[in-house]
Amino acid sequence: MNHIPKLDRRAFVIGSAALGSGLALGLDIPLGGPTVVRAADGSPEINAWVVIRPDDTVVIRIARSEMGQGSLTGLAQLVAEELDCDWSKVTTEYPTPGQSVARKRAWGDFSTGGSRGIRASADYVRKGGATARAMLIQAAAEEWKVPVSECIAANSVVTHTPSGRKTTYGKVAEAAAKVSPPADVKVKDPKDWKLVGKGVKRLDTADKTTGKMLYGIDMKLPGMLNAAIKQCPVFGGKVKSFDEAKIANMKGVKKVVKVGESTVAVVADTWWHAKTALDALPIVWDDGGNGQVSSASIAKWLEEGFDPSQPTYIGNENGDAKAAIAGAAKKVEAFYDYPYQNHATMEPMNATALYTADRCEVWCGTQNGEAAFAATLEASGLPADKCDVHKLILGGGFGRRGQTDYVRQAVLIAKEMPGTPIKLLWTREEDMQHGYYHPVTRCKMTGAFDANNNLTALHMRISGQSILFTLRPEALVNGKDPVTFQGLNASGETAIGYSVPNLLIEHSMRNPHVPPGFWRGVNVNHNAIYLECFMDELAQSVGQDPLEFRRKLMSKHPKHLAVLNAVAERIGWGTPAPQGVYRGLAQFMGFNSYVAGAAEISVTDNGSKIKVHRIVGATDPGYAVNPAQIDRQVAGSFVYGLSGLFYGGCTVKDGRIEQANFDSYNSMRIAEMPKVESIIIPSGGFWGGVGEPTICVAAPAVLNAYFLATGKRIRSVPLKDQNIAFA
Amino acid sequence: MANLTINGKSFDVDVEPDTPLLWAIRENAGLTGTKYGCGIAQCGACTVHVGGVAMRSCSVMVSEVAGKKITTIEGLADNGNLHKVQQAWIANDVPQCGYCQSGMIMAVAALLKDKPKPTDDDINEAITNICRCGTFQQVREAIHAAANA
């Protein structure tokens, strides 16, 4: 039976409004207006995106969250490009969600997921920069009493061309803030970009090398107390009872708080005291009826999804795949599996909250400031004008910090101690066992050939969990979860790159009680393994080269093909590999970007050790804002994806997750890191994401190479369960 | 109560002797550059130097380090001059989220003290910190850059 999540209706309404990614489109750029809006230090806002200080410092407002992906820097580049300001004088700041709500959502969508940080805000942040530039030029022209058309701006300096007079942005900022903004501004043609497209250094590096960077876990407020937390180990379970008296006299303990129905927190002077006391607190849990669920019971349920009598949702269909397979000259069939995965951000979940009778403030790392704000309102019971959320840099997000469970908990604990700031920090164990896991799926792949070895049909039947069913049921389409079909759709931003005469891709939905979530790359992680490993299987079944086999199916998908060709060429496909080295390929599309990967591996110890020597990754994100950061996202995504392939996998026993820490859920180290070569092919005309898409090509490229090395086809993850490790 | 010498300064910290050094550093000395990642010496985010040796402070008790010279990321710079590892980190734009980097930098600083010109194999053996963002390629480049600085 599908597990039905309990939703708080109020949180649902606010949360879904805050999540709506489309709302920012058509956003009005706030006007400087006759009244000058001032930043906290008194400097004038030219508009919501740009503040200019008298010393020519340009403060660019960034609504999206920085979690390592570099979009803080990339978004600043987009604004600065249009502003024509001096990049060396640029700094950034986060507006708060409370400020945004008070200003009719001046900064649009805060949510930072789905690799949307740059691609979904590029249009309006560039307009923000261009508008501010026009206002600065106009202010200078008015001061000189010359036509605007005679003035140009570059590098934070406005010049009156005929006379050669010059002024700086800092000098005209006060006047510019009073100028009526132009009704419409043109942004630059990409061919005129000077700063966008350059691999400039990140703006947030220095403090990350000295220990100064403030993460949520580092928050300090006067009189602050610390909270440690334990949630019912079985998802959906409850607290039955706890014996508070047993820890009442332990050092530093201030209070024991029941948080909602499923959670207990201990508040103490230090977190170490809170954690030590919580470990000693006897708690009796009610497992809520899920105490018998195991990985085996989930697997059995997924297997039932292949029974033809079970209903499915169709994601992509052309021709009649079932009939074509039934009448085929040759049929190939295989089952693939992908497990639950935990995000395991380096910084465990945490939030600090201060609640007083008429105000509630939260400090935290979040991928969605507005959702955190909505959670603060809901948990505090206070209205929007009495709440705010102060975003801090995230110690990793990967999709986990788009959820607001930890924010809600911090507020509920703080509410029990009005006037005292409370910092809630989860242990690694709590973090590992109370995530929103990459969903579990199993997939039956079937391909059919005619007598001439042409692929005539492809049938892909995915049985498994839907993310939207639990997290955003309002986004289901007549019950179907469209996100399930990432990379497999007929068209759009996650389109399949192959044309097959008869195609059927369907989803038999099964929703176990383990909460699913958006894990870097989301469903492309498994969809790419299923499709791209099976493409190799199909090619090999008819004795064809995997690259040539794909090319024949890709003539109508030139962008998919271009990235595949790029990695094939760079890896040396078709030329002899070094002795003992084998190559594998994969291509896919996700988050509106086209990606491909090619790996070189060697295998030792009877197939039980894999050395990944090299991976070439190609990306066509349409426009490449900062190539140096894209290179880092590509290499970093390979580490995350390969960690999941080799070491990952969260298993369920007695209704709970078994893995508790990095000793049982390991992550790649530097010794296991392949050399990564990133090829960026920005073909222009569209905006694609870069934080996530490439993650999905590393695993199938390695698995395809492994088959060539060993003759053994691996169809399930993680490799550690098959006694295969990094060499 | 224990006395700790951290970055050349003396701290009287009111903790039980079995308190992990990490939490005495973060909560009692108030130095939050040293990070909590796992608590079981797996990830290395909490790496500090004790008597010049890199140690995972989550798994060292305060009672074990009394009287020893402890250096955290905040104490790595010398009179405001960044350590060559920190400089290489900035020059090579290494950090992504940055959370693991304090521990990574401390581990690398200790490695370079032992082996001023480490080979890739030396790096593979000595640097076992987890970075979930996957900065390893830049970490390796920056280690070699620092060694050659």
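Residues numbered from 1 in each chain as written. Chains lettered and ligands numbered in written order. Predicted model: local features only at pLDDT ≥ 70, side-chain atom pairs only at ≥ 80, totals over all residues.

**Some remarks on the overall build of chain A**
We count it as follows: Note on conventions: DSSP H or I runs of at least 4 residues are helices, E runs of at least 2 residues are strands, and numbering of each starts at the N terminus. The quantity called the radius of gyration is restricted to C-alpha atoms. Its globule counterpart is 2.2 Å times the number of residues to the power 0.38. We call a residue exposed when 12 or fewer other C-beta atoms sit within 10 Å of its C-beta, buried when the count reaches 20 or more, and partly exposed for counts in between; the C-beta positions come from the backbone. A pair of residues counts as a contact when their C-beta atoms, built from backbone coordinates, are separated by no more than 7 Å.
Along its length, chain A carries 17 helices and 28 strands. Its C-alpha atoms give chain A a radius of gyration of 27 Å, within 12% of the compact-globule value 27 Å for 727 residues. Seen through its principal axes, chain A has C-alpha atoms that stretch 80 × 75 × 50 Å. Each of the 727 residues in chain A was classed as buried or not, and the buried ones make up 57%. Relative to all contacts within chain A whose residues are 6 or more apart in sequence, the contacts with residues 24 or more apart total 79%.

**Remarks on the overall build of chain B**
Broken down by element type, chain B carries six helices and five strands. For chain B, the succession of helices and strands along the chain, N to C, is β-β-α-β-β-α-β-α-α-α-α. Since a compact globule built from 149 residues should have a radius of gyration of about 15 Å, the 15 Å found for chain B is in line with a globular shape. Considering only residue pairs separated by 6 or more positions, chain B has 60% of its internal contacts joining residues 24 or more positions apart.

**Thoughts on the nonpolar core**
The criterion, for reference: Connectivity within a nonpolar core runs through C-beta atoms within 7 Å, and the core itself is a set of buried Ala, Val, Leu, Ile, Met, Phe, Trp, Tyr and Cys residues.
Of all hydrophobic cores here, the largest spans 268 residues; its most connected members are Leu136, Ala265, Val266, Ala410, Ile413, Val567 and Val702 of chain A. Leaving out residues up to four positions away in the same chain, Val702 of chain A has contacts with Gly584, Ala599, Ile601, Val612 and Leu645 of chain A.

**Some remarks on the interface of chain A and chain B**
What counts, and what does not: Three classes are used, and their members are as follows: Ala, Val, Leu, Ile, Met, Phe, Trp, Tyr, Cys and Pro are nonpolar, Asp, Glu, Lys and Arg are charged, and the others, Gly among them, are polar.
Listed per partner, the contact involves 44 residues of chain A and 44 residues of chain B. Counting only elements with at least two residues in the side of chain A that touches chain B, the list comes to α6 (271-280) and α16 (627-646) of chain A. Examining the composition of the side of chain A that touches chain B, we find that eight residues originate from one element, α16 of chain A, more than from any other. Taken together, the residues of the side of chain A that touches chain B sort by class into 20 nonpolar, 14 polar and 10 charged.

**A short note on the domain arrangement of chain B**
Residues and elements named next belong to chain B. Operational definition: Boundaries between domains were set according to an automatic or database domain assignment.
According to the domain assignment, chain B consists of domain 1 (2-75) and domain 2 (84-147). Of note, the centres of domain 1 and domain 2, computed from C-alpha atoms alone, are 21 Å apart. Each side of the interface is counted separately: domain 1 has 15 residues, and domain 2 has 12 residues. At the level of elements, β3 (47-50) and β4 (53-56) are the ones that each hand at least two residues to the side of domain 1 that touches domain 2. In terms of residues, the side of domain 1 that touches domain 2 owes the most to one element, β3, which gives three residues. Across the side of domain 1 that touches domain 2, the residue classes break down as seven nonpolar, seven polar and one charged.

**Comments concerning the confidence of the model for chain B**
Put simply, the rule is: Per-residue confidence from the predictor is given as pLDDT, running between 0 and 100.
This prediction gives chain B a mean pLDDT of 97; 100% of its residues lie at or above 70. Scoring the predicted complex yields pTM 0.95 and, for the interface, ipTM 0.99.

**Section: the pairing of strand β1 (residues 2-6) of chain B**
Residues and elements named next belong to chain B. Here is the rule we go by: Pairing between two strands requires that DSSP report at least two bridges joining them.
Because side chains alternate across β1, one face comprises the buried residues Ala2, Leu4 and Ile6, and the other comprises Asn3 and Thr5, none of which is buried. In this structure, β1 lies alongside strand β2 (residues 9-13), joined through five bridges in antiparallel fashion. When the bridges of β2 are listed, Leu4 appears paired with Phe11.

**A short note on the sheet that holds β3 of chain B**
Picture the strands of a sheet paired through backbone hydrogen bonds; they go either parallel or antiparallel. Residues and elements named next belong to chain B. Defined as follows: Simply put, an axis is a line fit to the C-alpha atoms, just over the touching stretch for a helix, and the angle between two N-to-C directions goes from 0 to 180 degrees.
Taken in spatial order, the five strands of this open sheet run β2-β1-β5-β3-β4, and their pairing is mixed. Looking at which strands have only one partner, the edges of the open sheet turn out to be β2 and β4. Averaged over all adjacent pairs, the angle separating strand axes in this sheet is 40°, with direction ignored. Two elements, β3 and β4, share four bridges in a ladder whose sense is antiparallel. Directly across from Thr47, in β4, lies its bridge partner Arg56. Sheet contacts for helix α4 (residues 101-114): β3 and β4; angle to β3, the most-contacted strand, approximately 40°.

**As for the pairing of strand β10 (residues 253-259) of chain A**
All names here are of chain A. Looking at chain direction, β10 and strand β11 (residues 263-268) are connected through six bridges and run antiparallel. Across the sheet, Val256 pairs through a bridge with Val266, a residue of β11. Counted along the chain from β10 to the antiparallel partner β11, the turn is three residues long, and its residue Gly260 has a positive phi close to 60°.

**What about the packing of helix α9 (residues 369-380) of chain A against helix α10 (residues 405-415) of chain A?**
Residue and element names in this part refer to chain A. In plain terms, the rule: For this classification, under 35 degrees means roughly parallel, over 145 means roughly antiparallel, 65 to 115 means roughly perpendicular, and everything else is oblique. What makes a crossing left-handed is the near helix being turned counterclockwise from the far one by less than a right angle; a clockwise turn instead makes it right-handed.
Look at α9 against α10: their axes get within 9 Å of each other, and the N-to-C directions meet at 30°. The angle between α9 and α10 places the two elements in the roughly parallel class. Considering only the axes of α9 and α10, their crossing is right-handed. Across from Ala372, Ala375, Thr376, Ala379 and Ser380 in α9, the residues of α10 making contact are Val407, Arg408, Val411, Leu412 and Lys415. A per-class count over the contact of α9 with α10 returns six nonpolar, two polar and two charged.

**Remarks on the sheet that holds strand β17 (residues 387-391) of chain A**
All names here are of chain A. What the seven strands build is an open sheet, ordered β10-β11-β8-β18-β15-β16-β17; its pairing is mixed. Edge strands, defined here as strands with exactly one partner in the open sheet, are β10 and β17. Each neighbouring strand pair of the sheet contributes to a mean axis angle of 20°, computed without reference to strand direction. Seen against the sheet, α6 touches β8 (225-231), β10, β11 and β18 (422-425) and runs at an angle of roughly 30° to β8. Across the face of the sheet, α9 comes into contact with β15 (350-356), β16 (359-364) and β17 while running at roughly 140° to β17.

**Concerning unusual backbone geometry**
Residue and element names in this part refer to chain A. Each neighbour pair has its own omega, and for Val717 with Pro718 the value is 0°, a cis peptide bond. Relative to the elements of secondary structure, Pro718 occurs in the loop between α17 (695-710) and β28 (725-726). In this structure, Arg105 is a non-glycine residue whose phi angle is positive, near 60°. Turning to its location among the elements, Arg105 is positioned in the loop between α3 (97-102) and α4 (122-144). One non-glycine residue, Asn453, lies in positive phi territory at about 65°. Position of Asn453 relative to the elements: it lies in the loop between β19 (441-449) and β20 (455-464). Classification of Asn453 by C-beta neighbours within 10 Å gives partly exposed; the count is 15.

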